[in-house]
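Here's the letter readout for the chains.
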Amino acid sequence: MLDFDNISSDALLTRYDIIAESKEKPETIAEKHLPKDPILRKVAEDVLHMKYKTIEENVSAALKDNIPEDVIEKGLLKGMDAVSELYNRGIYYLPHVMVSADAMDRGIKLAEEALGAGRRTKGEIIMHAAEGDPHDIGKNIAAVLLKSNGYSVLDMGKDVAVDDVVDKVTERKPLVVTGTALMTTTMSAFPRIAEKLQINGVETPFICAGGAVNREYVESYPLGIYADKAANGPNLVNKALDGWDWKKIRDKWDGILSGSE
Amino acid sequence: MLDFDNISSDALLTRYDIIAESKEKPETIAEKHLPKDPILRKVAEDVLHMKYKTIEENVSAALKDNIPEDVIEKGLLKGMDAVSELYNRGIYYLPHVMVSADAMDRGIKLAEEALGAGRRTKGEIIMHAAEGDPHDIGKNIAAVLLKSNGYSVLDMGKDVAVDDVVDKVTERKPLVVTGTALMTTTMSAFPRIAEKLQINGVETPFICAGGAVNREYVESYPLGIYADKAANGPNLVNKALDGWDWKKIRDKWDGILSGSE
Amino acid sequence: MSVNEFKKMAYSSADEMVFGESKHPKHYGLGLKVGAGFVVPEINFAPRPGTEKTPESLVREYVDYITKDVLERAITLGFPAIQIENEHIFQMVNDPEKFEKPVVIGQKEIMQEYHDEYGIACAIRHTIADPRLHEEGLRLGMDTKHTYPEKMMRAFEVAASNGADVISIESVGGKEVADHAVVRQDIKGWLFGIGYLGSLDMEWLWPQIVDIANKNNIVPGGDTNCAGANTAMFMAGGYMDRDIPRTFAAVTRAIAAARTLVAYECGATGPDKDCGYEGPIVKAISGFPSSQEGKGAQCAHCDMMGNLIAQTCDLWSNESVEYHPEFGGSSVQCWLGVIGYEAALMNASKQLKSEKTLRDIYVASDRFRSPEAFILSFDNAYKIGQAIVENNGSYYLRAKAAGLKAAELIEESSNEGKLKLSAQEKDALDRILLDLRSLPSEEGKFVDWALKEYADVPAFNPKNYEL
Amino acid sequence: MSVNEFKKMAYSSADEMVFGESKHPKHYGLGLKVGAGFVVPEINFAPRPGTEKTPESLVREYVDYITKDVLERAITLGFPAIQIENEHIFQMVNDPEKFEKPVVIGQKEIMQEYHDEYGIACAIRHTIADPRLHEEGLRLGMDTKHTYPEKMMRAFEVAASNGADVISIESVGGKEVADHAVVRQDIKGWLFGIGYLGSLDMEWLWPQIVDIANKNNIVPGGDTNCAGANTAMFMAGGYMDRDIPRTFAAVTRAIAAARTLVAYECGATGPDKDCGYEGPIVKAISGFPSSQEGKGAQCAHCDMMGNLIAQTCDLWSNESVEYHPEFGGSSVQCWLGVIGYEAALMNASKQLKSEKTLRDIYVASDRFRSPEAFILSFDNAYKIGQAIVENNGSYYLRAKAAGLKAAELIEESSNEGKLKLSAQEKDALDRILLDLRSLPSEEGKFVDWALKEYADVPAFNPKNYEL
Ligand code: B12
Ligand code: B12
């Protein structure tokens, strides 16, 4: 058998990923987000460094001198902001985000206990994957990013019937509803949901994503707002929080994603 | 160097064309079309056998005992009918049709001279290839088949400006107008032509063909009737001759092509 | 663990493995032979959006357009043999009598016509969708809302009794835990999900599929870990992607092989599914024919081993393409051209007795393009297969051994400076080695730990696996 | 006839020819080397319908979508080098300042960005559309209605001075007669149209293109007989088609080679155009780099030599695909995957020193698939090249010799029972042999006869060729 190890692969492929490896230090970027206060900083660092073993201890310590809201907003969420930026810049990989978010979740749970009640999140997002569609990883990632940005998420799961989505949204009037479809043969659920919502008088922005859909398709029915990546979620939802209706979000879509809006 | 001739290609490819070579004899199929009258039969056979050298002699002979219309209808065109059937069945190749048509043309010219004036054809067809489009072979083939079926053709050529087509059609009111587009970036000329014709009050059926277009596209604008193959031309045009308007032809399209209408 | 495990490797050496040759060739359908000395293209497709709305429009799309187009092009280009795969859409498994049956019948009829007229060798694989929801229940009687496992088994029967020549599935056991683990780069969780739970689910599912196939005298093809290792591969992507390190994806692939093997242990006979990139490992162990996809499946996804993965295939597939027009014909026709010519290339190499040279060129093209390509190179795939066979007796242990072997092979080559790794890939590899080596050497201990560790994973219900 | 004719074959034997090696390698663009020991993918595309309406929408389509997508995918898959080809649409040649210029500039800018960031070697070929109408006039000053030759020359200048690295064309001289002849299976007419008139037109056109390229320090690529031999090939099609016998198409290809060579005689240096299937013959004579397309150009048309034609290529192309989404990314990304991996395969064979084996496997796959594939097999292509060189001094005589040699090679193989022919193919071949052998051995005599014989061909105007 041939000795493959003697083959030079230089003429066959270029490791562009190694060429483009960031020379920026994660620490420098994170620094901008981390709080000055040493105790809150520890909490934020636990999130940044995915220390879900020590985070409970440090959050408890922080809760002694800080109100729970501050531990969340100025500690846990700041750590998560640093992670998000590092992910968006391509320096951290996705798992870092997910495990940091797990750590943050533990911290938030403790802080909420101290608060005595669930904290007021920025708003509720109802999420689902389309009827007949079992593909839900993208949705799950998006859910984590939304939670990390201070929203509460009601995840209806995958293969969710059109009417179930319509009923739930009509009942709870969330800030935003989202749908994910990876199959061209399931995505037609979205326009059906949108139409039924409108009949019910609901005008909630409906973020639609997943490999099957594209912007043109999503904008062909009412309420629909396209999202390409999970990382787009918070940007779009923030605008709903600012009171923009679906038409305005759709109109200003390019600007929102490029950060100019 | 390798001796390629020792390679067996049996595992690599199957000559389905040879497997499917027709066992039917062309003669048997042609026989149904050929006239009984021995003199007209000679004329028809000259067309069938592409004898453009002897055809003039035989047509002159036939014209002695027959009126020119009969020489055309019962002689020349019958020969061409046989060729068409053999082509449609996949027994004859295209060049046979083209050269037979050339022979027929010579015969018709003689007969028309005897007639003293141009014969009354079934009707005029205006043809063109779309503005900016140099691909015209399909159109040229279709033209031959239409002529062989007794229509007169006004061929405007290729890369014909939208307004030139509109003006010519508005002026001459042909039975049918046709367009060919092989490029997705030229086919938008068709809807523009159709709209302008309607503004001029012209409702002439507009057969559109060529690799770029498909049935859905052609039926998305008024007047448009799709043709897939040059051989479809006569079938569709015959319906216009029967007085069908473009809407009816479009409605019954499947039936027309399958021969059930 | 199932009793029919493979006691030894089907091939006595890695070098013995080559495309178009299987230890157990199959003959089925309308004169088709697979793994019997030549490679056959396998064409896959998806219907246009909207055509799923009524059975009539779906039949028109699948039968009158797609199947006909494919056969016409095969004849046009002179391809001697072709396999068609229809990956069922949700509507077909949800209502088999209405949506599935007429499609299965129609496709076979038209294939028969072309076979009769031209003598083309052909067969069709029906891949039933696995619609089961972990949160509702994977086993019979559990999901009272959708009755999914029941519908799915019915869909198998409808396909098998109406024209399918091969039946397959991309089963989803263990996916709930693997999904949770993959985005956290948690190899232990992934091992539990796919290596253990996935195998248990297949051990339950596959004897039923094999029964249906045998009753109908057709072929029980095989499974794929699309739900697990392909998700990881897809997310790991190429040099512009940053979701999952490619070393992680590579190790999941090796683990997946230990699971996908279960189908064969339960009576499946191949060809396995095209999208199972674990195919080379599974073939090394089992010797059953293998369908693979790479360069010619770019319509469906871009992988980092477009050539390499052809090395040991018996069918060569395009994975899937949506039906639509192209300048060169319909999309299925164009992609059939791509895979059919590749099959012709492999078959030509056999005529010239250069098939091993071509195999090695395929491998050389991509061996160092990604860690996953590297461990799937047939020499390494063979070693991973050996690790599996040596650790038979426990789904957990053999899957762990496969993963560890893959990680070690990568480490070795990287240390030698052959296989290059980015910083992230290297970090992930180190953690994987640490994690896998830290695991217990007894299945029971591992399972106890994992049941606790992953108890809160959404949709994970031990009852789905009788645990 | 042009004075710079090739006195001898560039290669001393057919066996010396292989993909990725040219006698005159070229270095151009952003670090790209062609014919210098490896094969480079060349990706082509067409904009979506409607995007041609405004310069803005056309730029968005060509630059922001297509060019960016292509470069992203090349990086993702790790392809070291890539050539982009933009085949201009009518609007760009019709109004170069408005439609062509911003596209040419935009594409180069984005290429420069990726080159700077990742070091990818890349270059772009702009292929100017030839919009000339035979009925209006081919030469300067003749077509007062559209002023086409003038606009076309302006389009070359705009491309050359704004970012093109290579300029090419698919010129249409002689096409009016060839079109008339091809549908009548009239090889004498075809020889007159392409072998004679086509060569005269190129002799007029190409020195101008070479001038523009040289002035701008870019590469005058080459021409193709797309307008003639590809039309014949396309109509001859495969085993389901019945428009033109494939033996006829094969002979037109050989004749076309004698014409396409003229570009090089006028100073072009290659790479010639992908769609010129006469490439192997032209390369055998000239030694210039050659772009070819086959298996990976199924998106554009299905040919009968998808593998074979890779045998001697330096660039490997997809011919063209309309931009649209696929499951695996955009269409241009998917097809780049196909051709890029094929290039990697050829390059890998060089690493293993098995390139001639791979070349021979390519050939074996399709050598007997069609008469055209057969005569283009590099051994036969070389012989046809020799027939051309031996008959230099007359466009007519060398084109006739090429056609006759091709016909004789086919006859010989068919007589030996190797290359199989259908009844129609055989008939057509016999007539071709008869026809070509009946022709005079003096150019003058032939031209006199042809001018009379084809005087009535629509759109044929001898003034277009100064006759
Ligand atoms: C031959 C050819 C040429 C020849 C044309 C020769 C000629 N006289 O027509 C030449 C070289 C001139 C040419 C040039 C170009 N071409 Co061109 N060409 C082709 C090719 C290979 C074959 C076309 C052909 O003749 N088909 C055979 C005929 C018989 O088919 P048809 O016309 O469709 O006709 C059939 C039916 O449609 C029907 N029909 C047609 N008309 C009618 C009318 C009626 C009444 C009826 C009933 C039926 C009917 O009957 C016929 C069958 O029976 C195609 C490849 C392809 N895949 O199509 C590319 C193709 C059409 N060309 C293409 C391109 C891009 C070009 C150029 C722009 C390239 C360039 N940059 O130089 C230039 C055009 C330059 C310009 N002025 O703008 C692209 C178009 C892409 C797009 N955007 O849609 C194609 C698809 C190639 C590709 N895959 O990229 N081309
Ligand atoms: C993994 C996978 C599976 C896994 C799914 C695992 C899971 N938990 O999701 C399994 C094995 C279950 C599966 C099954 C099937 N699959 Co599948 N699968 C894939 C694959 C390979 C990857 C999908 C994936 O996870 N992508 C990664 C995620 C992260 O991407 P994503 O969801 O799009 O999310 C991104 C964005 O869309 C966005 N996003 C998503 N949601 C949201 C929400 C918000 C709010 C925001 C802001 C953003 C956002 O963020 C993410 C990126 O940042 C694709 C291949 C492909 N080319 O897509 C095929 C694919 C989707 N599957 C396909 C098919 C056909 C099937 C089956 C029908 C096959 C069969 N017959 O068995 C079955 C389905 C059976 C059924 N029940 O109907 C086809 C669909 C074809 C079509 N018609 O459209 C594809 C395209 C493969 C192909 N090329 O043919 N599949």
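Quick caveat, the model's predicted, so the values are computed rather than measured.

Caption draft 1: Spatial organisation of the overall build of chain A. A tally of helices and strands in chain A yields 13 helices and five strands. Seen through its principal axes, chain A has C-alpha atoms that stretch 65 × 50 × 40 Å. Sequence separation of 24 or more characterises 69% of the internal contacts of chain A that already satisfy a separation of 6 or more. Carbon and sulfur atoms make up 48% of the accessible area of chain A, which totals about 11500 Å². Taken together, the 33 basic and 43 acidic charged side chains of chain A have centroids lying 4 Å from each other.

Caption draft 2: Quick look at the overall build of chain C. Helix and strand counts for chain C come out as 16 helices and 11 strands. Relative to the globule expectation of 23 Å for 467 residues, the C-alpha radius of gyration of chain C, 21 Å, shows essentially globular dimensions. Taken over 467 residues, chain C has a buried fraction of 73%. Partitioning the intrachain contacts of chain C with sequence separation of at least 6 by distance along the chain shows that 74% fall at a separation of at least 24. Total accessible area on chain C stands at roughly 12700 Å², and carbon and sulfur atoms take up 48% of it. Between the centroid of the 48 positive side chains of chain C and the centroid of its 68 negative side chains there is a distance of 3 Å.

Caption draft 3: Region of interest: the environment of Leu-315 of chain D. Structurally, Leu-315 of chain D can be placed in strand E9 (residues 315–317). Those residues in contact with Leu-315 of chain D that lie beyond four places of it in its chain are Tyr-28, Val-34, Val-39, Val-40, Glu-42, Gln-83, Arg-125, Pro-271, Ser-290, Ser-291 and Gln-292 of chain D.

Caption draft 4: Region of interest: the coordination of the cobalt atom of ligand 2. Its sole protein donor being His-135 of chain A (NE2), the cobalt atom of ligand 2 sits 2.2 Å from that atom. Along the polypeptide, His-135 of chain A turns up in the loop between strand E1 (124–129) and helix H7 (137–148).

Caption draft 5: Geometry of the pattern of salt bridges. Applying the stated criterion across every chain, the model contains 102 salt bridges over all chains. One salt bridge in this structure joins Arg-15 of chain A and Asp-17 of chain A, with 2.8 Å as the shortest N-O distance. Using a relative accessible area of 8% as the deciding quantity, one classes Arg-15 of chain A as buried. A single salt-bridge network, built from bridges that share partners, covers Asp-136 and Lys-158 of chain A together with Glu-135, Lys-175 and Asp-179 of chain C.

Caption draft 6: Spotlight on the interface of chain A and chain C. Chain A puts 39 residues into the contact, and the matching count from chain C is 48 residues. Between chain A and chain C, the buried area comes to about 3900 Å², and carbon and sulfur atoms account for 56% of it. Where chain A meets chain C, there are seven salt bridges. Close ionic contact of Glu-135 of chain C with Lys-158 of chain A constitutes a salt bridge, the shortest N to O distance being 3.5 Å. Connecting chain A to chain C are 14 residue pairs in polar contact (both at pLDDT 80 or more). Put simply, the parts of the chain that give the side of chain A that touches chain C at least two residues each are helix H1 (16–19), helix H6 (94–115) and H7 of chain A. Across the side of chain A that touches chain C, the residue classes tally to 21 nonpolar, eight polar and 10 charged.

Caption draft 7: How the structure looks around the interface of chain C and chain D. With 53 residues of chain C at the contact, the number on the chain D side is 53 residues. Summing the contributions of chain C and of chain D, the shared interface buries around 4200 Å²; its carbon and sulfur component is 68%. It is Met-240, Phe-327 and Tyr-341 of chain C that lose the most area in chain C upon contact with chain D, and together they represent 18% of the buried surface on that side. One can count two salt bridges joining chain C with chain D. Across the salt bridge formed by Lys-295 of chain D and Glu-342 of chain C, the nearest N and O atoms sit 2.5 Å from each other. The interface formed by chain C and chain D holds 20 residue pairs in polar contact (both at pLDDT 80 or more) in total. Among the elements of the structure, helix H1 (55–77), strand E10 (325–326), helix H10 (331–351) and helix H11 (355–366) of chain C are those that each provide at least two residues to the side of chain C that touches chain D. Here the side of chain C that touches chain D gets 10 residues from one element, more than from any other, and that element is H10 of chain C.

Caption draft 8: Layout of the nonpolar core. By size, the foremost hydrophobic cluster in this structure holds 405 residues, and its most contacted members are Trp-190 and Trp-335 of chain C together with Trp-190 and Trp-335 of chain D. Contacts of Trp-335 of chain D, omitting those with residues within four sequence positions, involve Cys-334, Trp-335 and Val-338 of chain C together with Ile-43, Gly-296, Gln-298, Cys-299, Asn-318 and Val-321 of chain D.

Caption draft 9: Just the sheet that holds E1 of chain A, in detail. Residues and elements named next belong to chain A. Pairing within the open sheet is parallel, and its five strands lie in the order E2-E1-E3-E4-E5. Each having just a single partner strand, strand E2 (152–155) and strand E5 (224–226) make up the two edges of the open sheet. The average angle at which neighbouring strand axes cross in this sheet is 25 degrees, direction not considered. In this structure, E1 lies alongside E2, joined through four bridges in parallel fashion. Across the sheet, the residue bridging to Ile-126 is Leu-154, located in E2. Across the face of the sheet, H7 comes into contact with E1, E2 and strand E3 (176–180) while running at roughly 170 degrees to E1.

Parameters at a glance
Residues numbered from 1 in each chain as written. Chains lettered and ligands numbered in written order. Predicted model: local features only at pLDDT ≥ 70, side-chain atom pairs only at ≥ 80, totals over all residues. Heavy atoms only, no water. Helix = DSSP H or I, 4+ residues; strand = E, 2+ residues; numbered from the N terminus. Contact = heavy atoms within 4.5 Å. Areas by Shrake-Rupley, 256 points an atom, 1.4 Å probe, with all protein chains shown as cover. Lys, Arg positive; Asp, Glu negative; His and termini not counted. Charge placed at Lys NZ, Arg CZ, Asp CG, Glu CD. Rg over C-alpha atoms; globule rule 2.2 N^0.38 Å. Buried < 20%, exposed > 50% of the residue type's maximum accessible area, 1.4 Å probe, protein only. Donors = N, O, S within 2.8 Å, 3.2 Å for Na, K, Ca; no water. Salt bridge = Lys/Arg side-chain N within 4 Å of Asp/Glu carboxyl O. Buried area = accessible area lost by both parts, 1.4 Å probe. Polar contact = N/O pair within 3.5 Å; in protein donor to acceptor, adjacent residues only side chain to side chain. Nonpolar A, V, L, I, M, F, W, Y, C, P; charged D, E, K, R; others polar. Core = buried A, V, L, I, M, F, W, Y, C linked by side-chain atoms within 4.5 Å. Pairing = 2+ DSSP bridges. Axes fitted to C-alpha atoms, helices over the stretch in contact; angles between N-to-C directions.

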